[in-house]
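# Structural overview
Below, each chain spelled out in residue letters.
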Amino acid sequence: MFRRLLGVQGGMVLAVALVAGMISGSAAMMSALTGGLICLLPQAYFVWRLVGIHGGRQARQHVVNFYRAEAGKFGLTVALFVMVFVTVPPSNPIFFFSAYVAAQLMHWLAPWLLLERPTP
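What counts as what
- Residues numbered from 1 in each chain as written.
- Predicted model: local features only at pLDDT ≥ 70, side-chain atom pairs only at ≥ 80, totals over all residues.
- Heavy atoms only, no water.
- Helix = DSSP H or I, 4+ residues; strand = E, 2+ residues; numbered from the N terminus.
- Buried < 20%, exposed > 50% of the residue type's maximum accessible area, 1.4 Å probe, protein only.
- Contact = heavy atoms within 4.5 Å.
- Phe/Tyr/Trp six-rings, centres within 6.5 Å; stacked < 30°, edge-to-face > 60°.
- Lys NZ or Arg CZ within 6 Å of the ring centre and 35° of its normal.

Right, let's talk about the overall build of the protein for a bit. In terms of regular secondary structure, the protein is built from 4 helices and 0 strands. For the protein, the α and β elements follow one another from N to C terminus as α-α-α-α. Here the protein holds 120 residues, and the buried ones make up 32% of them. A sequence separation of at least 24 residues applies to 71% of the contacts in the protein between residues at least 6 apart.

Put into structure tokens, the structure is as follows:
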């Protein structure tokens, strides 16, 4: 499920980047890609931390691992935002934040987008 969500998020980031590139050029496209990667990289870290968890006997350990992964994801997100704004401020903040928000919204839309429907 998490891996499929990353694919949907990546597709959304690429779509926003392509729209930004068509509307405002390559600088806007790079801003959108940067904003999207700030969402995708921490999510990939989160998935990487949770993929190795198997079995149901150690519920306490699963919860601890989940909270550690979430804390790492939050810290990585903050660090990436700081790094981008200090080193290379986005040339087009609208597309930068649009790509970030679009990738974040995929968490809410994923249950409907990834729902496996029976074929007629």
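After that view of the structure, there is still more to cover.
Attention shifts here to the side chain of Asn-92. In this structure, Asn-92 sits in the loop between helix H3 (59-87) and helix H4 (93-113). Excluding residues that lie within four positions of it along the chain, Asn-92 makes contacts with Ser-24, Ala-28 and Ser-31.

Attention shifts here to the packing of aromatic side chains. Applying the stated criterion to the full structure yields 10 aromatic pairs. Between Tyr-45 and Trp-48, the ring centres sit 6.0 Å apart and the planes meet at 45°, which makes this aromatic pair tilted. Residue Tyr-45 and its partner Trp-48 are both found in helix H2 (residues 26-51); the two are separated by 3 residues, about one turn of the helix. Residue class for Tyr-45 comes out partly exposed when judged on its relative accessible area of 25%. The class of Trp-48 is exposed, set by a relative accessible area of 62%. An angle of 65° between the planes, with centres 5.4 Å apart, marks the rings of Phe-85 and Phe-96 as edge-to-face. A residue pair is termed long-range when its members are at least 10 positions apart, and Phe-85 in helix H3 and Phe-96 in helix H4 qualify at 11 residues. Residue Phe-85 is classed as partly exposed on the basis of its relative accessible area, which comes to 38%. An aromatic cluster is defined as three or more aromatic residues linked by ring pairs; in this entry it consists of Phe-81, Phe-85, Phe-96, Phe-97 and Tyr-100. Positioned over the ring face of Phe-46 is Lys-73, at 5.3 Å from the centre of the ring.

That is the geometry; function is a separate question.
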